[in-house]
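Structure assessment
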Amino acid sequence: PDGLDDAGYASGMKRYHLTTFGCQMNEHDSERMKGMLESLGYAETPTREQADLILFNTCSIRESADSRFIAHLGEAKRLKRERPERVVGVGGCWAQSIKEEVFERFPFVDVAFGPGQVHRLAEFLTSDAITAQGYFEFEGFTGHLPARRTRPFQGWLQISVGCNCACSYCIVPSTRGREVSRPPAELVEEVRSMAADGVREVTLLGQNVNSYGRDLPTRRPSAGSAPQGAPDRVSFAELLGLLDGVEGIERIRYTSPHPKDMREDVIRAHVELQSVCEHIHLPLQSGSSRILKAMRRTYDRRRYLDRVALIREHVPDASLTTDIIVGFPGETEEDFAQTMEVVGEVGYDSAFTFIFSPRRGTEAAGLTDGLIPHPVKVERMGRLLELVQRDALARAQRFLGRTLEVLVEGPSRTDPERLRGRTRHNKVVNFGGLAAPGELTDVQITAATSQTLSGEERLLARARAS
Ligand code: 5AD
Ligand code: SF4
């Protein structure tokens, strides 16, 4: 009688369940998928069992990503068998990497689409399609879909899609296509509307964010399309300047830059622009120039360390994080020792470390010489992790006794009585306090592990002291 069914949904309302794998780009694509589905009248449900539409947004960056996803797909298969009118959809990089083969390998899948084709899911769902459909072209930015943000005060802004690099280990250029930058005026407009919605922290996303803008036209295609208040083509550093000017945006982050494009103007933006945070993620991949060359990273150890020196000179307190691959084909003990040396020299605040895995269609997957046995990779990884942890712990000590601005994200995961937030350096802080999610508050830091900081909101600490 109240028009709701057993589970509390409006009767007749379709329900979806979406699982996301992979990077922040994928999480953002998923937010846009959710926004799109909700505008089509679908409601999210917490279990696959209840869903009329079971979706996966997949990743293919490493072998482990593939196998995690395939384990989940098994449940979708069973549920589809139980109720064949259910729709199973697979989007993202894994789907793109095998395209139509998705349907051969997993015949119960109804729709598959690459990361550039998120909007085509709506087309499929609203059509009377009776056969499975795959959408895998590259069309640049995938339409303007409303995002349903996980946290209302944090937003993602996709500034470019695709990647023009040719890193020999990486599947991304083949799953996300050539680099296409979005026009600056459009980005400024989007951030203005995010700010109006209550977003305070924006993370700019791109496969190689700081090569942003190089593909944009130098002159406007037609006078009629003159954007308001922004030129047609700007560099990444200039884009940071334009976005910093948007009222209401307190923090700007970006990921990931490529060391080859980490120019002085970008580094200076961290000092000159109030909202640009003191954190730079600078993927190293290897500390050996020989391996970097085989990886086609286009910088060597010296140039990487020069970038780091420039960062330290301009933004001495910045936190630096990185990605490192262990066990690339041909990596000798000497090459690995050089990686350890660079890591020791830089002193990262944290690092993501990966064991090399060959990816379909990549150049490195074809290398047959100098393959590193798995136990050797694991052993090297162990040594690297130990060093990374030690550095992270040592670096974190510099925050002890300081008062840091924290953006409150919600309750602490370990102790619901406490709060959890993030500093401008991108450190997670668990703290005692009264601030609400979305607020910026000052927290006095009293303890630091390699992973997290802890402390107390300054107002509370003061009250207690007096
Ligand atoms: N094997 C292992 N790690 C990889 N990465 C990318 N491709 C591979 C691969 N084939 C790592 C890189 C990259 C991060 C996102 O994933 O370090 O920066
Ligand atoms: Fe992201 Fe790369 Fe995984 Fe695609 S393959 S989801 S771009 S990490």
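Presented here is a report on the structure given in the accompanying data block. (Residues numbered from 1 in each chain as written. Chains lettered and ligands numbered in written order. Predicted model: local features only at pLDDT ≥ 70, side-chain atom pairs only at ≥ 80, totals over all residues. Heavy atoms only, no water.)

To continue, consider the overall build of the protein chain. Secondary structure summary: the protein chain contains 14 helices and 19 strands in total. Taken against the 2.2 N^0.38 rule, which gives 23 Å for 466 residues, the C-alpha radius of gyration of the protein chain at 23 Å falls within 12% of a compact globule. Structurally, the protein chain occupies a C-alpha span of about 65 × 60 × 55 Å along its principal axes. Within the span of the protein chain, comprising 466 residues, buried residues form 54% of the whole. Of the contacts made within the protein chain by residues no fewer than 6 positions apart, 71% connect residues no fewer than 24 positions apart. Roughly 20,600 Å² of accessible area belongs to the protein chain as shown, and the carbon and sulfur atoms make up 52% of that amount. Taken together, the 60 basic and 65 acidic charged side chains of the protein chain have centroids lying 2 Å from each other. (Helix = DSSP H or I, 4+ residues; strand = E, 2+ residues; numbered from the N terminus. Rg over C-alpha atoms; globule rule 2.2 N^0.38 Å. Buried < 20%, exposed > 50% of the residue type's maximum accessible area, 1.4 Å probe, protein only. Contact = heavy atoms within 4.5 Å. Areas by Shrake-Rupley, 256 points an atom, 1.4 Å probe, with all protein chains shown as cover. Lys, Arg positive; Asp, Glu negative; His and termini not counted. Charge placed at Lys NZ, Arg CZ, Asp CG, Glu CD.)

Its location among the elements puts Thr-19 in strand β1 (residues 14-20). With a relative accessible area of 13%, Thr-19 lands in the buried category. Here the side chain of Thr-19 touches Arg-48 through a polar contact of 2.9 Å, side chain to side chain. Each residue touching Thr-19, except ones within four places of it in the same chain, is listed here: Arg-48, Leu-55, Phe-56, Asn-57 and His-72. (Polar contact = N/O pair within 3.5 Å; in protein donor to acceptor, adjacent residues only side chain to side chain.)

So, on to the site of ligand 1. Around ligand 1 sit Ile-61, Arg-62, Tyr-169, Gln-285, Asp-323, Ile-325, Phe-354, Ile-355, Phe-356, Ser-357 and Arg-359, and those are all the residues in its vicinity. Within the side chain of Arg-62, an N or O atom sits 2.8 Å from an oxygen atom of ligand 1. Gln-285 has a polar side-chain atom sitting 2.7 Å from an oxygen atom of ligand 1. Within the complex, 87% of the 410 Å² of free accessible area of ligand 1 lies under protein. Of all the elements in the fold, those that place two or more residues in the shell around ligand 1 are β13 (319-326) and β14 (350-355). (Near = heavy atom within 4 Å.)

Another aspect to go through is the site of ligand 2. By nearness alone, every residue bordering ligand 2 is listed as Cys-23, Asn-26, Cys-59, Ser-60, Ile-61, Cys-93, Val-172, Arg-176 and Gln-207. Grouping the constituent residues of the shell around ligand 2 by class yields five nonpolar, three polar and one charged. (Nonpolar A, V, L, I, M, F, W, Y, C, P; charged D, E, K, R; others polar.)

On to the nonpolar core. One finds Ile-159, Tyr-169, Leu-204, Phe-236, Leu-240 and Tyr-254 to be the most contacted residues of the largest nonpolar core, which totals 67 residues. The contact partners of Leu-204, leaving out residues within four places of it in the chain, are Leu-157, Ile-159, Val-209, Phe-236, Leu-239, Leu-240, Leu-243, Ile-252, Arg-253, Tyr-254 and Thr-255. One finds Phe-21, Ala-51, Val-88 and Phe-108 within the second-largest nonpolar core, a separate group that totals 22 residues. (Core = buried A, V, L, I, M, F, W, Y, C linked by side-chain atoms within 4.5 Å.)

On to the pairing of strand β18 (residues 440-448). Summarising the sheet, strand β15 (residues 403-411) and β18 pair through five bridges and their orientation is antiparallel. Counted as the bridge partner of Val-406 is Thr-441 from β18. In the sheet, β18 pairs with strand β19 (residues 452-457) via five bridges, with the strands oriented antiparallel. Residue pairing for β19: Gln-444 is matched across the bridge by Glu-456. Counted between consecutive antiparallel strands, the loop separating β18 from β19 contains three residues. (Pairing = 2+ DSSP bridges.)

Along the chain, Arg-105 turns up in helix α4 (residues 101-105). With residues near it in sequence (within four places) discarded, Arg-105 still touches Ile-70, Trp-94, Ile-98 and Arg-360.

Right, let's get into the packing of helix α11 (residues 301-314) against helix α12 (residues 333-346). Two numbers describe how α11 lies on α12: the axes approach to 11 Å, and their chain directions differ by 10°. Comparing their axes, α12 and α11 come out roughly parallel. Seen from α11, the contacting residues are Arg-301, Tyr-304, Leu-305, Val-308 and Arg-312; seen from α12, they are Gln-338, Glu-341, Val-342, Glu-345 and Val-346. Residue composition of the contact of α11 with α12, by class: five nonpolar, one polar and four charged. (Axes fitted to C-alpha atoms, helices over the stretch in contact; angles between N-to-C directions. Parallel < 35°, antiparallel > 145°, perpendicular 65-115°, else oblique.)

If you walk across this open sheet you meet the three strands as β7-β10-β11, and the pairing is parallel. Sheet topology places β7 (154-158) and β11 (251-255) at the edges, where each strand pairs with a single neighbour. Mean inter-strand twist for the sheet, computed between neighbouring axes without regard to direction, equals 25°. In this sheet, strand β10 (residues 201-205) lies alongside β7 in parallel orientation, the contact comprising five bridges. Bridged to Trp-156 within β10 is Thr-203.

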